[in-house]
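As a plain string of letters, each chain reads:
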Amino acid sequence: MKKILAVVLLTIPILLHAQTAKIKIDPERSMGEIDPKIYGVFMEPIQISGRRGLPDSPQINTLYGTIYDPASPLADENGFKKNYIEAMSELKVTNMRWPGGNFLMGYNWQDGIGAKEKRPARINMAWGGIDNNHVGTDEWFALNKSIGSENVVAVNLGLGTIQDAAYWLEYCNYPKGTYYSDLRAKNGHPAPYKVKIWDLGNEVDGKPWELGHKNAEDYIEVAREAAKAMRAVDSSIELVGCGSSWYSKNAWDDWNRKVLYGIGDKIKYLSIHSYWENSPDYYTHMGDGAKIFDDRIKITSGEIEAVSNTQGFKNPIYISVDEWGAFGRNFMSVLPVAQSFNSFIRHAEVVKMSNFTLLTSLLSSDPKKGTFKSPLFYIFKAYSNNCLGTAVDTYVECDTFNTEKYKGMAYLDVSTTFSKEANAVFVNVVNRHRDKAITTDIVNTSGEFTGKAEASIITGKDMQEAFAFDKQQEYEPAKTSIETKNNKLTCNFPPHSFTQVKVMLKRK
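Moving on to the overall build of the chain. Looking only at helices and strands, the chain features ten helices and 25 strands. Its C-alpha atoms put the chain at 70 × 60 × 45 Å along the principal axes. Taking all 508 residues of the chain together, 56% fall into the buried category. Of the contacts made within the chain by residues no fewer than 6 positions apart, 76% connect residues no fewer than 24 positions apart. For the chain, the exposed area adds up to about 21,400 Å²; of that, 51% sits on carbon and sulfur atoms. Across the chain, the mean location of the 59 positive side-chain charges is 4 Å away from that of the 60 negative side-chain charges.

Ranked by size, the top nonpolar core spans 143 residues in total, and within it Trp198, Leu200, Tyr219 and Met230 carry the most contacts. The dominant element in this core, judged by the number of residues it contributes, is helix 8 (residues 282-311), at nine residues. When residues no more than four places from it in sequence are discounted, the contact partners of methionine 230 are Val155, Ala165, Ala166, Leu169, Trp198, Leu200, Ile237 and Leu239. One finds Ile197, Val240, Tyr269 and Met353 within the second-largest nonpolar core, a separate group that totals five residues.

The element strand 12 (residues 318-325) is largely enclosed, with a buried count of seven among its eight residues. Inspection of the sheet shows strand 11 (residues 269-275) paired to strand 12 by six bridges, in the parallel sense. Bridge pairing in strand 12 links histidine 273 to glutamate 323. Tracing the backbone out of strand 11, into helix 8 and back to the parallel element strand 12 gives a crossover that is right-handed. In this view, the connection linking strand 12 to its parallel neighbour strand 13 (residues 351-357) by way of helix 9 (residues 335-346) has right-handed handedness.

The share of residues in the chain with pLDDT of 70 or more is 94%, and the mean pLDDT across the chain is 93. Predicted confidence for residues 51-57 stays below pLDDT 50, and this span has eleven contacts to residues more than four positions away or in other chains.

Here we have nine strands laid out as an open sheet, ordered 23-22-25-20-19-16-1-21-24, and mixed in their pairing. Every other strand in the sheet has two partners, leaving strand 23 (478-482) and strand 24 (488-493) as the edge strands with one partner each. Pairwise comparison of adjacent strand axes, ignoring direction, gives a mean angle of 25° for this sheet. Of the strand pairs in this sheet, strand 22 (residues 449-459) and strand 23 are connected by five bridges, and their pairing is antiparallel. Bridge pairing links isoleucine 457 to alanine 478 in strand 23.

Okay, the pattern of salt bridges next. Throughout the structure, instances matching the rule amount to 29 salt bridges. The closest approach of N and O atoms between arginine 119 and glutamate 139, which form a salt bridge, is 3.0 Å. Taken together, the positions of arginine 119 in the loop between strand 5 (95-98) and strand 6 (122-123) and glutamate 139 in helix 3 (residues 137-147) put the pair 20 residues apart, joining distant regions of the chain. Given the relative accessible area of 9%, arginine 119 is considered buried. The buried category is assigned to glutamate 139, whose relative accessible area is 10%. A salt bridge links aspartate 413 to arginine 346, with the nearest nitrogen and oxygen atoms 3.3 Å apart.

Time to look at unusual backbone geometry. The omega torsion of the bond from tryptophan 98 to proline 99 falls at 0°, within 30 degrees of zero and hence cis. For proline 99, the position within the fold is in the loop between strand 5 and strand 6. The omega torsion of the bond from glycine 100 to glycine 101 falls at 10°, within 30 degrees of zero and hence cis. Inspection of the secondary structure assignment puts glycine 101 in the loop between strand 5 and strand 6. Phi is positive for lysine 92, which is not a glycine, with a value near 55°.

It is worth spelling out the packing of aromatic side chains at this point. Counted according to the given criterion, the structure contains 38 aromatic pairs. Taken together, a centroid distance of 5.5 Å and an interplanar angle of 85° make the contact between tryptophan 98 and phenylalanine 141 edge-to-face. With a gap of 43 residues between them, tryptophan 98 in strand 5 and phenylalanine 141 in helix 3 connect regions that are remote in the sequence. Considered together, tryptophan 98 and phenylalanine 141 belong to a single accessibility category, that of buried residues. Summarising the aromatic geometry, the rings of phenylalanine 341 and tyrosine 383 are spaced 4.9 Å apart at their centres and angled 25° between planes, so their arrangement reads as stacked. Note that phenylalanine 341 is positioned in helix 9 and tyrosine 383 in helix 10 (residues 375-386), a separation of 42 residues in sequence. Using a relative accessible area of 0% as the deciding quantity, one classes tyrosine 383 as buried. Stacked on the ring of tyrosine 247, the Lys or Arg arginine 296 has its end atom at 3.6 Å from the ring centre. Taking the ring centre of tyrosine 318 as reference, the NZ or CZ of lysine 352 above it sits at 5.9 Å.

Our next topic: the side chain of serine 181. Residue position: serine 181 is located in helix 5 (residues 179-186). Of the polar contacts made by the side chain of serine 181, one reaches the side chain of threonine 178; its length is 2.7 Å. If sequence neighbours within four positions are ignored, serine 181 has contacts with Glu170, Tyr174, Pro175 and Lys176.

What counts and what doesn't
- Residues numbered from 1 in each chain as written.
- Predicted model: local features only at pLDDT ≥ 70, side-chain atom pairs only at ≥ 80, totals over all residues.
- Heavy atoms only, no water.
- Helix = DSSP H or I, 4+ residues; strand = E, 2+ residues; numbered from the N terminus.
- Buried < 20%, exposed > 50% of the residue type's maximum accessible area, 1.4 Å probe, protein only.
- Contact = heavy atoms within 4.5 Å.
- Areas by Shrake-Rupley, 256 points an atom, 1.4 Å probe, with all protein chains shown as cover.
- Lys, Arg positive; Asp, Glu negative; His and termini not counted.
- Charge placed at Lys NZ, Arg CZ, Asp CG, Glu CD.
- Core = buried A, V, L, I, M, F, W, Y, C linked by side-chain atoms within 4.5 Å.
- Pairing = 2+ DSSP bridges.
- Right-handed = clockwise from strand over helix to strand, strands pointing away.
- pLDDT = per-residue confidence, 0-100.
- Axes fitted to C-alpha atoms, helices over the stretch in contact; angles between N-to-C directions.
- Salt bridge = Lys/Arg side-chain N within 4 Å of Asp/Glu carboxyl O.
- Phe/Tyr/Trp six-rings, centres within 6.5 Å; stacked < 30°, edge-to-face > 60°.
- Lys NZ or Arg CZ within 6 Å of the ring centre and 35° of its normal.
- Polar contact = N/O pair within 3.5 Å; in protein donor to acceptor, adjacent residues only side chain to side chain.

Right under this line is the structure:
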């Protein structure tokens, strides 16, 4: 039934429709190489009382009892649940940033090594509750190994010290013959972990909430010295400078500029965190959220270019959006994820890493029935499995909508990628119109389409309805094929939907 519906939606007009739109793509015009690291995740142990949409649910922890539960019949030999590991492998998650997050800034990594029964229980000063430290450095590495993802480690430059950071790097990366490298071997891991990417703190500008907050000048001094000490241990590492996350202060761009001036010669990435700006009004939620999210990337990119040029940095600096996401358990939170990925792809020349919050959020769950794959899972998969290679120049011509803050926003939010290996383009389309389908011509302005296009559609009737275990089969993408003719194909994108169109190109 779903497949039949998809064919109808994509091939014939329906009663509610906007004007015919046009998407022009130019596969010969690359806008940048897509770094696979944009398909990363973020994890930390967050203590939550109740969940959105389930006010009667018990207190949960995003790590303990959720993905780490040695007593579960789903647990592997390391205590991590196989359903999450298998899901992350299916999503082809490329990297995981850990152990925080706000949790990081009060964390002592030495509490989380050695025999578990001897590890000290500590107050989780960021989120409340008690952390027994049963998931520490070696366990995080075991989880990444099971998933097949790269480790991205964040060091504590809040309540921690520079020496703590250098010792942690020694434990992880130094081959042998020193106190901490030999301690790693004693703990059962003689081979070094060879972690490449290290974050210099987390949200250090967040004065109202962050443990060990620093102003920009103090952070710069600490970060420069940490970089010096850490590179004395391993000169091959790549560092992530802590950009701003305190947007309500309206001075976040000043923080980023100062950090770039202060440590731009030491870092490969500048991190920004960007969570979707929620609104109860549909168009404000879809429009303002997308504009704000995209502007944060564009403004930061401009600052990187300006400071790099004026200071003569020899090293390129990229953006790592190492915390991002949209909150909610319904379709209102899913389309923003697709729009965020579209933004990363359109800025592929500068956005080279991202980490979705959280790993465990990518599987929905029912307290009594277990985990299941929601539209969020399938949208992430559509991008992470298919959208690699190069970002392609894309022009969109369609009706627009206004919000109180912004004018003239296109109903269709679009990105396009080209895979040289598959010799195919993937056109990712979010129809932000709440009520109307949009008939659209997709035109190739260079080269030729060949064969039939394949379309995968994700949509829902009720934008506010919470995802449910018993409806999980309804969440799988509907698939159909579309004829190509005269280097063009025509789609009818359903209202409030995500569609990914794959079309082959004729080889030259």
